[in-house]
Amino acid sequence: MNSELFVLLRDALVQHGDGLRVACSLGVEDMIVVHEIARAAASVGGRPRVFLLDTGRLPEESHTLLDAAKQKYAIDIEVHLPDAIAVERLVRRQGANGFYDSVQARRACCEARKLGPLARALEGATAWVTGLRREQSPTRSDLPVSEIDDRGLIKLAPLAHWTTEQVWAFAKEHQVLIHALHSRGYTSIGCAPCTRATKPDEPLRAGRWWWEAPEHKECGLHSRSVS
Ligand code: SF4
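What counts, and where the lines are drawn
Residues numbered from 1 in each chain as written. Predicted model: local features only at pLDDT ≥ 70, side-chain atom pairs only at ≥ 80, totals over all residues. Near = placed C-beta within 6 Å. Nonpolar A, V, L, I, M, F, W, Y, C, P; charged D, E, K, R; others polar. Helix = DSSP H or I, 4+ residues; strand = E, 2+ residues; numbered from the N terminus. Expected span 1.5 Å × (residues − 1). Contact = placed C-beta atoms within 7 Å. Pairing = 2+ DSSP bridges. Axes fitted to C-alpha atoms, helices over the stretch in contact; angles between N-to-C directions. Buried ≥ 20, exposed ≤ 12 C-beta atoms within 10 Å, placed from the backbone. Bend = angle between axes of the 7 residues up to and from the residue.

1. Concerning the site of the ligand
Thinking step 1. C109, C110, R113, C191 and C194 are the nearest of the 13 residues found near the ligand.
Thinking step 2. Among the residues forming the shell around the ligand, the class breakdown is seven nonpolar, two polar and four charged.

This is the structure:
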């Protein structure tokens, strides 16, 4: 029997076709979405537009998983790199690792390395899918499964209500490809210099920008105009 997730993704593919994009950071939630949308695409004869934002600072394990995912799921994953001039200006201004110095400097790095490529990844899109969940952080606690984002696009978060236990049970049952860093204590996957393993009693995103307060732990990819 097809999962609720499969049905939602299949319907989104049928409805939006080439206008549907799937964001993949290679963390377990996104890999579940990729796993299911590959199956959904095979069932309706579509081609999923999955994309990865390669910031230039990803861990080696992410590149290894990217290659393995393309092979296992027989899909293309569009890799979007930051604009070289934007990165050059950023590094001249604040150094290669200036993001440790302030929230402002960190956001400037995320803007150059993530937001610019995201805008390109979403060109021509009418809807996009993420693996975001409410449990992940206080900033996501009221995340809806479907909303209109700040760009005017339909943004789907089909795992919004999933618990961590459900995520790992699904991944195990369906033999979803898993990022190597998860088995080394990483509960969230991001850029190498900005992500560390977490302790069992820490929040799921404690390893992201661990030097910042929890309310700052977003990079702008998923900012929401909360009314
Ligand atoms: S997560 Fe860190 S390295 Fe990656 S874009 Fe943001 S500040 Fe830069």
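2. Things to note about unusual backbone geometry
Thinking step 1. Backbone geometry at L26 places phi at a positive 80°, although glycine is not the residue there.
Thinking step 2. Here L26 shows up in the loop between strand 1 (20-23) and helix 2 (28-44).
Thinking step 3. Even without being glycine, W209 reaches a positive phi, approximately 40°.
Thinking step 4. Within the secondary structure layout, W209 lies in the segment after helix 6 (164-173).

3. Brief notes about helix 3 (residues 60-73)
Thinking step 1. Taking 1.5 Å as the rise per residue, helix 3 with 14 residues should run 20 Å; its terminal C-alpha atoms sit 20 Å apart, in good agreement.
Thinking step 2. In this structure, the buried residues of helix 3 make contact with helix 2 and strand 3 (77-80).
Thinking step 3. Among the residues trailing helix 3, A74 stands out with phi positive, at a value near 50°.

4. A closer look at the sheet that holds strand 4 (residues 127-129)
Thinking step 1. Spatially, six strands are ordered 3-2-1-4-6-5 in an open sheet, and the strand pairing comes out mixed. Either end of the sheet is taken by a strand with one partner, and the two such strands are strand 3 and strand 5 (146-148). Across the sheet, the mean angle from the axis of one strand to that of its neighbour is 30°, orientation sign disregarded.
Thinking step 2. The sheet strands contacting helix 2 are strand 1, strand 2 (49-53) and strand 4, and the helix crosses strand 1 at an angle near 140°.

5. Description of the pairing of strand 1
Two faces belong to every sheet, and in a regular strand the side chains alternate between them.
Thinking step 1. Side chains L20 and V22 of strand 1 all project onto a buried face; the interleaved residues R21 and A23 project onto the opposite face, where all are buried too.
Thinking step 2. Two elements, strand 1 and strand 4, share three bridges in a ladder whose sense is parallel. Its bridge partner lying in strand 4, L20 is registered against A127.
Thinking step 3. When strand 1 meets strand 2, the two strands line up parallel, connected through three bridges.

6. Observations concerning helix 5 (residues 103-121)
Thinking step 1. The end-to-end C-alpha distance of helix 5, which contains 19 residues, comes to 25 Å, matching closely the 27 Å that a straight helix rising 1.5 Å per residue would cover.
Thinking step 2. A maximum bend of about 40° is found in helix 5 at E111.
Thinking step 3. Taken together, the buried positions of helix 5 are R106, C109, C110, A112, R113, K114, P117, L118 and A121.
Thinking step 4. Looking at the packing, one finds that the buried side of helix 5 touches strand 1, strand 2, strand 3 and helix 4 (84-94).

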